[in-house]
Amino acid sequence: MKSIEQLTRANIRSLKPYSSARDEYSGLAASVFLDANENPYNKPNNRYPDPLQQTLKKEIAALKSVRPGQIFLGNGSDEAIDLLFRAFCQPQEENVVAIEPTYGMYKVCAGINDVEYRPVLLDEQYQFSADALLEHADAQSKLLFLCSPNNPTGNDLRREEIIRVLERFEGLVVLDEAYNDFSDAPSFLLELDRYPRLIVLQTFSKAWGCAAIRLGMAFASEEIIAVLNKIKYPYNVNRLTQEYARQMLHRRGDVERWVKQLKAEREEVMQRFARLKCTVHVYPSDANFFLVHLTDAVGIYNYLVGAGIIVRNRHHVALCGNCLRVTIGTRPENDRLIEALQNW
Ligand code: PMP
């Protein structure tokens, strides 16, 4: 097996990173800061934020039972996804493997970074076989993307198959757990020490109700996190986001209540969908959305738009013909959706 250092692109390995004013001085004792060309007025937003978000990371580490050095924070998990390509995949030479269908940004980031993307179709239950997936990997495969619960299918991937991939894949396994809070399946976070090439992605955008602040988390070995820190923009997470996230960490009761409510509402909405004349099949969900196969997804999508209700049309996505993806909203929002569909 290659080491993390060997998996890292040669130019990134030898890169001397930018050193910001706040990197070079981070002590708390000083009270006169004339090092970063900031404006002394308009406190506190006149100052650059902590480039490594150390206070916030300490608090997240305690919550997630990991070490602060195992956390990368970015402008959404999308930043971490892009940085993984830039750190580990040599453009035009190396490739990544991913389940299909899944979250669209893995493929877009591969395209932006000029890295071959190898999608491998899921089966009819939207599950994958580790062996079939790994057949598409070769010595140039640096990243392998799994998403559980998967978007847009909504289901958890089978744990045994994920473990088999972790045991056999020679590159880095990226497991996107953006929707794990809505699932009964345990997170793989606690497996980080056992699988040194595992990267777990989570986000403040879903269960935490904070899509607007743009805060994504990547959890991995200290060695992998150090590579991401080396190449990120110096002040990639702004002060307002760091502050607000810290406030949210004190509102865990609210988050737990939202998740519980959304899971209960998910079951209710899915049952109501199953009774609609236009429904062919409602797929099981472990997320805050579900996929539904309808008699005429495109017609129904356009009809709903006309009624001021926007869902996600997945008709053109592999294995999702005539499917819409429906996010669970508040009870009145869900009622409006169902009522509109009863009149379709
Ligand atoms: N992963 C998955 C599976 C997603 O569905 C999304 C957003 N839809 C993201 C990551 C991106 O999350 P963020 O807002 O943290 O960039």
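Report follows, based on the coordinates. Owing to the predicted nature of the structure, the values given are computational and were not obtained by experimental measurement.

Considerations on the overall build of the protein
The helix and strand inventory of the protein stands at 13 helices and 11 strands. Taking 2.2 N^0.38 as the reference for a compact globule, 344 residues should give roughly 20 Å; the C-alpha atoms of the protein span a radius of gyration of 22 Å, in line with that estimate. Within the span of the protein, comprising 344 residues, buried residues form 50% of the whole. For the protein, contacts bridging at least 24 residues in sequence account for 70% of all contacts bridging at least 6. Carbon and sulfur atoms provide 50% of the accessible area of the protein, an area that totals close to 16700 Å². For the protein, the separation between the mean place of its 41 positive charges and that of its 44 negative charges on side chains is 4 Å.

Points about helix α13 (residues 331–342)
Taking 1.5 Å per residue, 12 residues should reach 16 Å; α13 reaches 16 Å between its end C-alpha atoms and fits that length. Among the residues of α13, N334, L337, I338, A340 and L341 are the ones counted as buried. An end-on view of α13 places all buried positions within 160° of arc, on one side of the element. For α13, the exposed residues lying more than 90 degrees away from the buried face are P332 and Q342. Residues of α13 that are buried in the fold lie against α11 (252–274), α12 (297–306) and β11 (323–327).

Here's the deal with the nonpolar core
Within the largest apolar cluster, 53 residues are counted, with the highest numbers of intra-cluster contacts made by I60, F128, L133, L146, V165, F204 and F219. With sequence-adjacent residues up to four places away left out, F219 is seen in contact with I60, K64, V66, Q70, I71, L189, L192, L198, I199, V200, Q202 and I225. Counting residues in each nonpolar core, the second largest holds 33 residues, with I81, F85, F88 and V96 among its members.

Brief notes about the site of the ligand
Near the ligand there are 13 residues, and of these S77, D176, Y179, T203 and S205 occur at the shortest range. One of the backbone nitrogen or oxygen atoms of S77 is found 2.7 Å away from an oxygen atom of the ligand. Between N151 and the ligand, the recorded distance is 2.8 Å, taken from a side-chain N or O atom to an oxygen atom. Alone, the ligand offers 400 Å² of accessible surface; in the complex the protein occludes 91% of this.

As for the sheet that holds strand β10 (residues 312–313)
Paired through backbone hydrogen bonds, the strands of a sheet run either parallel or antiparallel to each other. Strand order in this open sheet of four strands is β8-β9-β11-β10, and the pairing throughout is antiparallel. Of all the strands in the sheet, the pair left with one neighbour each is β8 (279–282) and β10. Of the strand pairs in this sheet, β10 and β11 are connected by two bridges, and their pairing is antiparallel. Looking at the pairing, R312 lines up with R325 of β11. Taken strand by strand, α11 contacts β8, β9 (289–294) and β11, and its axis lies near 150° from that of β8. Its contacts with the sheet place α12 against β9, β10 and β11, and it is angled at close to 40° to β11.

Basis of the calculations
Residues numbered from 1 in each chain as written. Predicted model: local features only at pLDDT ≥ 70, side-chain atom pairs only at ≥ 80, totals over all residues. Heavy atoms only, no water. Helix = DSSP H or I, 4+ residues; strand = E, 2+ residues; numbered from the N terminus. Rg over C-alpha atoms; globule rule 2.2 N^0.38 Å. Buried < 20%, exposed > 50% of the residue type's maximum accessible area, 1.4 Å probe, protein only. Contact = heavy atoms within 4.5 Å. Areas by Shrake-Rupley, 256 points an atom, 1.4 Å probe, with all protein chains shown as cover. Lys, Arg positive; Asp, Glu negative; His and termini not counted. Charge placed at Lys NZ, Arg CZ, Asp CG, Glu CD. Expected span 1.5 Å × (residues − 1). Arc of directions from axis to C-beta. Core = buried A, V, L, I, M, F, W, Y, C linked by side-chain atoms within 4.5 Å. Near = heavy atom within 4 Å. Polar contact = N/O pair within 3.5 Å; in protein donor to acceptor, adjacent residues only side chain to side chain. Pairing = 2+ DSSP bridges. Axes fitted to C-alpha atoms, helices over the stretch in contact; angles between N-to-C directions.

Note that every value here comes from positions in space, so none of it alone points to a role or purpose.
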